[in-house]
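Spelled out from the first residue to the last, the chains are:
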Amino acid sequence: MNAAPTSVAVVGAGMVGLSTAWFLQDHGVDVTVVDSVGPAAGASWGNAGWITPTLSTPLTDPSMLTYGLRSLLSPTSPLYIPPRPDPKLFGFLARMARNSTTARWKAGVRALAEINREALDAFDAMADGGVDGPIEAADDFLFAYTDPAGPQGMVDEGRKITSLGQQVDIDLISADEARARAPMLTEKIRGALMLRGQRFLNPPDYVAAVADSFVARGGTLRTGTTITSVDDRGVRVRIAGPTMDESFDSVVVATGVGLPALTKQYGVTTRVRAGRGYSFAVDVDDLPPGPVYFPGSSVVCTPLGDRMRIAGMMEFGRHGDPVDQRRIGAIVESVRPLLRGVSLDDRREEWVGSRPCTQDGLPIVGRTRSPRVFVAGGHAMEGMTLGPATGRLLAETICTGVTPSALAGFDPLR
């Protein structure tokens, strides 16, 4: 086993990268974080801000495949694939389809269950260590349905997930009680439930707080720095780009959808594609006390400060493409009948971000063929939820040489 590193570079300043850097400091490591833009500039910025380990399951749900085949070419569908020639994307989707079986999904739930159980403890450890990021208990986490029979489907799903080792705590409530808790809901809502034990946060504010704590504890944060190569030279690892050329004992690559480009030479062949999500902020006459989810349209609403962020969609498009206004419009029209007192036509902060999705729906976390090069990514929609736990477990792996059992299912060389 190699000696524990004294210097580590983390490439990527999103939730996963910064959390890894922060927990490496707990092991006495001198850490440098490098990012082409800055903290939370990618998928961490505009997401819904849910911290929901109880709902963290593989994206390769067989029901998603069935739904996607019916609707994937419609730009107003919650799941959309732009109709353009892209052989690599269709190869990725074919592999994802092969992994979308009930047996593989259940195995994926079991693989995620242990790290999900550690998710909230990791947030607490960061708070105890000085991360002054706002995070709130989601005591009123509502699921709202237009079909009065709709909640039963989630109850059944919760029982199935619980049977696989991941506890889901749900209470059925009436539509009237849902409106009492969240007056923005209209009479179109005819069924509801409450999800217990979760949290929510403002993503850019929280990630900025992690970055501030990391720097305050002696870490180095280099923004505006693009890394184009990671070169293991046998004793040290050289990372280089137009404005940087330095060597470290170890390197962690946490660049989201850009992860494979830097690590393929080290045996990381699991495909990662951009599952693009959309969001925007609106004013609300009466903000709900916690998140609200509309399963029928796959749209989420999260109170962030004095506004509400509305987010949704899964679009397998190209990373870096601009906002598709049809997708924003689809979110707006899907929730317009369900909301009142919400300024849907006065939107701000319209955003699209590339969530890194893998072909088997599981993250890629751990050591590569090089004992000095590590990766952390592929969390799809769970990067905020699992970022701190991932960072804590990967820091332990790097500094002890022993991979915790909670990372066993996420081998980058699988």
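Residues numbered from 1 in each chain as written. Predicted model: local features only at pLDDT ≥ 70, side-chain atom pairs only at ≥ 80, totals over all residues. Heavy atoms only, no water.

Explain the pairing of strand S11 (residues 229-232) to me, please; I cannot follow it from the model alone.
Residues in a regular strand project their side chains so that they alternate between the two faces of the sheet. Pairing analysis gives 4 bridges linking S11 to strand S12 (residues 237-241), with the strands arranged antiparallel. Bridging across to S12, Ser 229 finds its partner in Ala 240. What sits between S11 and S12 in their antiparallel hairpin is a turn of 4 residues, with Gly 234 showing a positive phi close to 100°. (Pairing = 2+ DSSP bridges. Helix = DSSP H or I, 4+ residues; strand = E, 2+ residues; numbered from the N terminus.)

Could you clarify how one ought to interpret the sheet that holds strand S21 (residues 373-377) in this entry?
Each strand in a sheet pairs with its neighbour through backbone hydrogen bonds, running either in the same direction (parallel) or in the opposite one (antiparallel). Reading across from one edge, S10-S2-S1-S14-S21-S20 is the order of the 6 strands in this open sheet, with mixed pairing throughout. The open sheet has two edge strands, strand S10 (220-222) and strand S20 (364-367), and neither has a second partner. The mean inter-strand angle of the sheet, taken between neighbouring strand axes irrespective of direction, is 20°. Relative to strand S14 (residues 250-253), strand S1 (residues 7-11) runs parallel, the two sharing 4 bridges. Within the sheet, the bridge partner assigned to Val 8 lies in S14 and is Ser 250. (Axes fitted to C-alpha atoms, helices over the stretch in contact; angles between N-to-C directions.)

Help me out: how do you make sense of the nonpolar core in this one?
In terms of nonpolar packing, the biggest core is built from 49 residues, with Leu 24 and Ile 115 touching the most fellow members. Taken together, the elements giving at least two residues each to this core come down to S1, helix H1 (15-26), strand S2 (30-34), helix H4 (102-128), helix H7 (203-216), S21 and helix H10 (383-400). Sort the elements by how many residues they give to this core and H4 lands first, with 9 residues. (Core = buried A, V, L, I, M, F, W, Y, C linked by side-chain atoms within 4.5 Å. Buried < 20%, exposed > 50% of the residue type's maximum accessible area, 1.4 Å probe, protein only.)

I tried to follow the sheet that holds S12 on my own but got confused; where do I start?
Taken in spatial order, the 3 strands of this open sheet run S11-S12-S13, and their pairing is antiparallel. The open sheet has two free edges, formed respectively by S11 and strand S13 (244-248), since each of these has just one partner strand. Adjacent strand axes in the sheet meet at a mean angle of 15° when their direction is disregarded.

When you look at the pattern of salt bridges in this model, what are you seeing that I'm missing?
Opposite charge on two side chains makes pairing possible when the charged atoms of those side chains draw close. In this structure the tally under the stated criterion is 25 salt bridges. For Arg 372, the salt bridge is made with Asp 232, and the minimal N-O distance between the two is 3.0 Å. Residue Arg 372 is located in the loop between S20 and S21, and its partner Asp 232 is located in strand S11; the two are separated by 140 residues in the primary sequence. Look at Arg 372 and you get buried, because its relative accessible area is 14%. The salt bridge partner of Arg 238 is Asp 245, with a shortest N-O separation of 2.8 Å. Among the residues examined, Asp 245 registers a relative accessible area of 48% and is labelled partly exposed. (Salt bridge = Lys/Arg side-chain N within 4 Å of Asp/Glu carboxyl O.)

Hey, could you run me through the layout of surface pockets in this one?
Any empty space left between atoms is shown by rolling a water-sized probe over those atoms. If you add up the space inside the second largest pocket, you get close to 470 Å³. Lining the second largest pocket are 16 residues, with Lys 88, Pro 260, Arg 271, Val 272 and Arg 273 positioned closest to its centre. At the level of elements, helix H8 (259-263) and strand S15 (272-282) are the ones that each hand at least two residues to the lining of the second largest pocket. In terms of residue class, the lining of the second largest pocket is built from 6 nonpolar, 5 polar and 5 charged. (1 Å grid on protein atoms, 1.4 Å probe; cavity = no way out; pocket = protein on both sides within 12 Å on 5 of 7 lines; lining within 4 Å. Points joined across faces, edges and corners; volume = space filled by probe spheres on them. Nonpolar A, V, L, I, M, F, W, Y, C, P; charged D, E, K, R; others polar.)

What should I look at first to understand the packing of H1 against H10 in this one?
A pair of packed helices can be characterised by two numbers: the angle between their axes and the separation between those axes. Packing of H1 against H10 leaves a shortest axis separation of 7 Å and a crossing angle of 40°. One finds that H1 runs oblique with respect to H10. Along this stretch, H1 crosses H10, giving a crossing that reads as right-handed. When H1 is examined against H10, the residues Met 15, Val 16, Ser 19, Thr 20, Phe 23 and Leu 24 are found in contact with a partner set consisting of Gly 383, Met 384, Gly 387, Pro 388, Thr 390, Gly 391, Arg 392, Leu 394, Ala 395, Ile 398 and Cys 399. Taken together, the residues that form the contact of H1 with H10 break down as 10 nonpolar, 6 polar and 1 charged. (Parallel < 35°, antiparallel > 145°, perpendicular 65-115°, else oblique. Left-handed = near helix turned anticlockwise from the far one by under 90°. Contact = heavy atoms within 4.5 Å.)

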